[in-house]
Amino acid sequence: EMAITGAGPADLADNPRAQARARLLLGDAEEAAEQAAETAAAARATSPIVAADALALLGTIAVQGDDVATARQHFQQAAMLLSGVGADRSAAQLWFELAGLLERVGDAAAALDAYRRAGAATGLVSPMTSTAPTTV
């Protein structure tokens, strides 16, 4: 139905990602993982934010299954995809969520980087890196 309404690639990719998240919330982690993996692969070229979100969901599923190594891999793949995305609210939100997930698996350095990127995606800058002249 979405295809005939003229929905864009991001909307078409986001729907199965949302369905995967719903399946996870309903307790069907296996089906959620399958759908999230399909979404990540399909959306990689057309909607990197959706693909990164699907990878973060795969990482969350891995954490729930006590597979921290696989979770880290998914989170790192999500971060790599997000690195190529421009700065907007949806990217900032995903960076922030990814930072929390990275903290959860003990990757403090990557989490700190993700928090910084979340701030940068919202337009925040560090006063230490500002190029504005200072007056004394």
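The rules behind these values
- Residues numbered from 1 in each chain as written.
- Predicted model: local features only at pLDDT ≥ 70, side-chain atom pairs only at ≥ 80, totals over all residues.
- Heavy atoms only, no water.
- Phe/Tyr/Trp six-rings, centres within 6.5 Å; stacked < 30°, edge-to-face > 60°.
- Helix = DSSP H or I, 4+ residues; strand = E, 2+ residues; numbered from the N terminus.
- Buried < 20%, exposed > 50% of the residue type's maximum accessible area, 1.4 Å probe, protein only.
- Salt bridge = Lys/Arg side-chain N within 4 Å of Asp/Glu carboxyl O.
- Expected span 1.5 Å × (residues − 1).
- Patch = residues over 30% accessible without salt bridge, like charges linked within 9 Å, V, L, I, M, F, W, Y side chains within 5 Å.
- Areas by Shrake-Rupley, 256 points an atom, 1.4 Å probe, with all protein chains shown as cover.
- Lys, Arg positive; Asp, Glu negative; His and termini not counted.
- Charge placed at Lys NZ, Arg CZ, Asp CG, Glu CD.
- Axes fitted to C-alpha atoms, helices over the stretch in contact; angles between N-to-C directions.
- Parallel < 35°, antiparallel > 145°, perpendicular 65-115°, else oblique.
- Left-handed = near helix turned anticlockwise from the far one by under 90°.
- Contact = heavy atoms within 4.5 Å.
- Nonpolar A, V, L, I, M, F, W, Y, C, P; charged D, E, K, R; others polar.

**Examining the packing of aromatic side chains**
Phase 1: Considering all chains together, one arrives at one aromatic pair under this definition.
Phase 2: Taking the centre distance of 5.5 Å and the plane angle of 65 degrees together, the rings of Phe-96 and Tyr-115 count as edge-to-face. Taken together, the positions of Phe-96 in helix α5 (residues 89–104) and Tyr-115 in helix α6 (residues 108–121) put the pair 19 residues apart, joining distant regions of the chain.
Phase 3: On the accessibility criterion, Tyr-115 (29% relative accessible area) is partly exposed.

**Regarding the pattern of salt bridges**
Phase 1: Within this structure, the stated rule accounts for four salt bridges.
Phase 2: Asp-14 is paired through a salt bridge with Arg-17; the nearest N and O atoms lie 2.8 Å apart. Remark: Arg-17 and Asp-14 occur in helix α1 (residues 9–25); sequence separation between them is three residues, near one turn of the helix.
Phase 3: Because the salt bridges share partners, they merge into one network encompassing Asp-14, Arg-17, Arg-21 and Asp-53.

**Quick notes on unusual backbone geometry**
Phase 1: Although it is not a glycine, Asp-66 sits at a positive phi angle of roughly 60 degrees.
Phase 2: One can find Asp-66 in the loop between α3 (48–64) and α4 (68–83).
Phase 3: When its relative accessible area of 69% is taken as the criterion, Asp-66 is described as exposed.

**Looking at α3**
Phase 1: An ideal rise of 1.5 Å per residue puts 24 Å on 17 residues; α3 measures up with 24 Å between its terminal C-alpha atoms.
Phase 2: Most of α3 sits out of view: 14 of its 17 residues are buried.
Phase 3: Phi turns positive one or two residues past the end of α3, at Asp-66, with a value near 60 degrees.

**A word on a negative patch on the surface**
Phase 1: Taken together, the side chains of Asp-28, Glu-30, Glu-34 and Glu-38 make up a negatively charged region of the molecular surface.
Phase 2: You can see Glu-34 is positioned in helix α2 (residues 29–43).
Phase 3: The exposure class of Glu-34 is partly exposed, given its relative accessible area of 42%.

**So, the packing of α5 against α6**
In helix packing, the relevant descriptors are the interaxial angle and the interaxial distance, both defined with respect to the helix axes.
Phase 1: Packing of α5 against α6 brings their axes to within 8 Å, and their N-to-C directions diverge by 165 degrees. Comparing the axis directions of α5 and α6 gives the class roughly antiparallel. Viewed along their axes, α5 and α6 form a crossing whose handedness is left-handed. For the pair formed by α5 and α6, the contact residues are Ala-92, Trp-95, Phe-96, Ala-99, Gly-100, Leu-102 and Glu-103 on the first element and Ala-110, Ala-111, Ala-114, Tyr-115, Arg-117, Ala-118 and Ala-121 on the second.
Phase 2: Residue composition of the contact of α5 with α6, grouped by class: 11 nonpolar, one polar and two charged.

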